[in-house]
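A look at the structure
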Amino acid sequence: MDDLHLFEELQAIENLELIEMDAEIVHNAREALNPFQHLNDRQFIGMYRLSKELCQHLIDMIRPFIKEPSRQSAFTVERKVLTALRFLAVGSYQLDVGENSHSSVSQPSVSRILEEFVNAMNQPSIFEKYVHFPRNFEELNGIRQQFYNKYSFPGIIGVIDCTHIAIVPPKSEDNLYPEHIYVNRKGYHSINAICDSNLQILNVSAKFPGSANDACVWNSSSVKPFVMNLHERGHSSYLELGDSGYALRPWLMTPYLDPAPRSPEALYNDSFCSIRSIIERCIGVLKMRFRCLLKHRVLHYTPNKASKIINTCVVLHNMCIMDNVPLLDIGEDDSTDLGIYQQLEESVNNDVADIRNPELANGRRVRQQIVESLFNTQNN
């Protein structure tokens, strides 16, 4: 299926979704209906991705950062939040954000509302409440135990990967955001995001251009020096997992390249891939829930504002995960391009890498210890 055909099918699905949701709603062209009253719980989640209770909590949380209406005809905080959520959910002004019976907001107003909303969601008091890497040993040990309980693989405190978010090309003469650095390996303009995740996103770095590879983003991450410091202080039982796009290190495990079938190393890879699929599912849920992040949507904003939108979606995603809000079947299928870059076999972790690198040598030693302790007996 080509991209144009897929795009047309997605548009048709979205139109059907709206018809279904509005079937039992009396349309009032002059005044927006109150979705808290006129939508049932499932319809509300389908429209705004959050449950009614969680949405009300969000409204209360960001109210201090949103301008209250100064006149009767001005938008209320509630209406601003719902309008912004609907845009993030569908990623389109044209679809219904400015026209449906629950919004009745012009497109220029939607843009201003979105700006105000994402600025509020990027306030440190909000963003860092919902998106943060474990801050103490209690939190580290809690995540490590959850991974072990599920996979019987010791030491894991996060799984990392990169994804691409399509954005409109910056101006080629822009000194701060020149166009060429936002062209990634897939050929469209984007921002790289990196996550540590157990479906809940622990860290995101949405400030890099599409030309930056996985390892480059990781090397600039605030998490890398944190886990390095843990190991330097003797806490060597805390590990990240990444694909072959990352460099093998004592604190970052990667797969073996082309191990012999049924060997202990192959068994390690099987277990490794099963665990690492968590981050791909996480990215999939994030983008399916907030379709403004899908390749076909394309964020028509500067890289800086696009980064704020990505951060906002991550916060909302985590809120949904923490509150067990279901991801409804909203029409995407397995052919949807989620922008997850699949690392080629040319790898920074190839065995021909410089053996004089002590961090690489220690990483190989740690990985081999895991193989010997967990998988040698399974192969006998």
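Residues numbered from 1 in each chain as written. Predicted model: local features only at pLDDT ≥ 70, side-chain atom pairs only at ≥ 80, totals over all residues. Heavy atoms only, no water.

Tallying secondary structure elements over the protein gives 14 helices and six strands in all. Here the protein, with 380 residues, has 52% of them falling under the buried criterion. Within the protein, residue pairs in contact and separated by at least 24 positions form 70% of the contacts whose partners lie at least 6 positions apart. Just so you have it, the protein exposes about 17700 Å², and 50% of that area is on carbon and sulfur atoms. (Helix = DSSP H or I, 4+ residues; strand = E, 2+ residues; numbered from the N terminus. Buried < 20%, exposed > 50% of the residue type's maximum accessible area, 1.4 Å probe, protein only. Contact = heavy atoms within 4.5 Å. Areas by Shrake-Rupley, 256 points an atom, 1.4 Å probe, with all protein chains shown as cover.)

Side chains of a nonpolar character, in soluble globular proteins, are inclined to be buried together. Core analysis: the biggest nonpolar cluster contains 97 residues, and Leu58, Ile62, Leu88, Phe117 and Leu316 have the highest contact counts within it. Among the elements that take part in this core, helix H13 (residues 303-322) stands out by supplying nine residues, more than any other. When sequence neighbours within four positions are dropped, the list of residues in contact with isoleucine 62 reads Val81, Phe117, Ala120, Met121 and Ile126. (Core = buried A, V, L, I, M, F, W, Y, C linked by side-chain atoms within 4.5 Å.)

Quick look at the side chain of asparagine 269 now. Structurally, asparagine 269 can be placed in helix H12 (residues 264-289). For asparagine 269, a relative accessible area of 10% translates into the label buried. Here tyrosine 256 takes part through its backbone oxygen, which lies 2.8 Å from a polar atom of the side chain of asparagine 269. Contact partners of asparagine 269, with chain neighbours within four places excluded, come to Pro255, Tyr256 and Pro259. (Polar contact = N/O pair within 3.5 Å; in protein donor to acceptor, adjacent residues only side chain to side chain.)

Another aspect to go through is the pattern of salt bridges. Any two side chains of opposite charge can pair, on the condition that their charged atoms come close. Enumeration over the complete set of coordinates arrives at ten salt bridges. Here lysine 305 ties to glutamate 115 by a salt bridge, and the two come within 2.9 Å at their closest N and O atoms. With lysine 305 in helix H13 and glutamate 115 in helix H7 (residues 107-121), this residue pair connects regions lying 190 residues apart in the sequence. On the accessibility criterion, glutamate 115 (31% relative accessible area) is partly exposed. (Salt bridge = Lys/Arg side-chain N within 4 Å of Asp/Glu carboxyl O.)

Turning next to helix H5 (residues 77-90). Counted at 1.5 Å a residue, the expected span for H5 with its 14 residues is 20 Å, and the 20 Å between its end C-alpha atoms agrees. Counting buried positions along H5 yields twelve of 14 residues, so the element is predominantly enclosed. Those residues of H5 not exposed but buried are Val77, Lys80, Val81, Leu82, Thr83, Ala84, Leu85, Arg86, Phe87, Leu88, Ala89 and Val90. The first or second residue beyond H5 is glycine 91, which carries a positive phi of 70°. (Expected span 1.5 Å × (residues − 1).)

Time to look at the layout of surface pockets. By volume, the largest pocket is sized at about 480 Å³. Along the walls of the largest pocket sit 27 residues, with Phe127, Asn203, Val204, Ser205 and Ser222 positioned nearest its centre. If you list the elements that add at least two residues to the lining of the largest pocket, you get helix H8 (124-130), strand E3 (201-204), helix H11 (223-232) and H13. Ranked by the residues each element gives to the lining of the largest pocket, the list is headed by H13, at five residues. (1 Å grid on protein atoms, 1.4 Å probe; cavity = no way out; pocket = protein on both sides within 12 Å on 5 of 7 lines; lining within 4 Å. Points joined across faces, edges and corners; volume = space filled by probe spheres on them.)

Attention shifts here to helix H9 (residues 137-151). The terminal C-alpha atoms of H9, which comprises 15 residues, lie 21 Å apart, in line with the 21 Å expected from a rise of 1.5 Å per residue. Residues of H9 that are buried include every one of Leu140, Ile143, Phe147 and Tyr151, and no others. For H9, the arc enclosing every buried residue in end-on projection is 75°, short of the 170-degree limit, so these residues lie on one face. Exposed residues on H9 whose side chains face more than 90 degrees from its buried face are Glu138 and Asn149. The N-capping residue of H9, defined by a side-chain oxygen 3.2 Å from the backbone nitrogen of glutamate 138, is asparagine 136. Phi turns positive, to about 55°, at serine 152, one or two residues after H9. (Arc of directions from axis to C-beta.)

Another aspect to go through is the packing of helix H4 (residues 52-62) against H13. The relative placement of two packed helices comes down to the angle between their axes together with the axis-to-axis distance. Where H4 contacts H13, the axes come no closer than 11 Å and their chain directions differ by 135°. Considering the angle they form, H4 stands oblique to H13. With respect to the hand of their crossing, H4 and H13 are arranged in right-handed fashion. On H13, the residues touching Leu54, His57, Leu58 and Met61 of H4 are Leu316, Met319 and Cys320. (Axes fitted to C-alpha atoms, helices over the stretch in contact; angles between N-to-C directions. Parallel < 35°, antiparallel > 145°, perpendicular 65-115°, else oblique. Left-handed = near helix turned anticlockwise from the far one by under 90°.)

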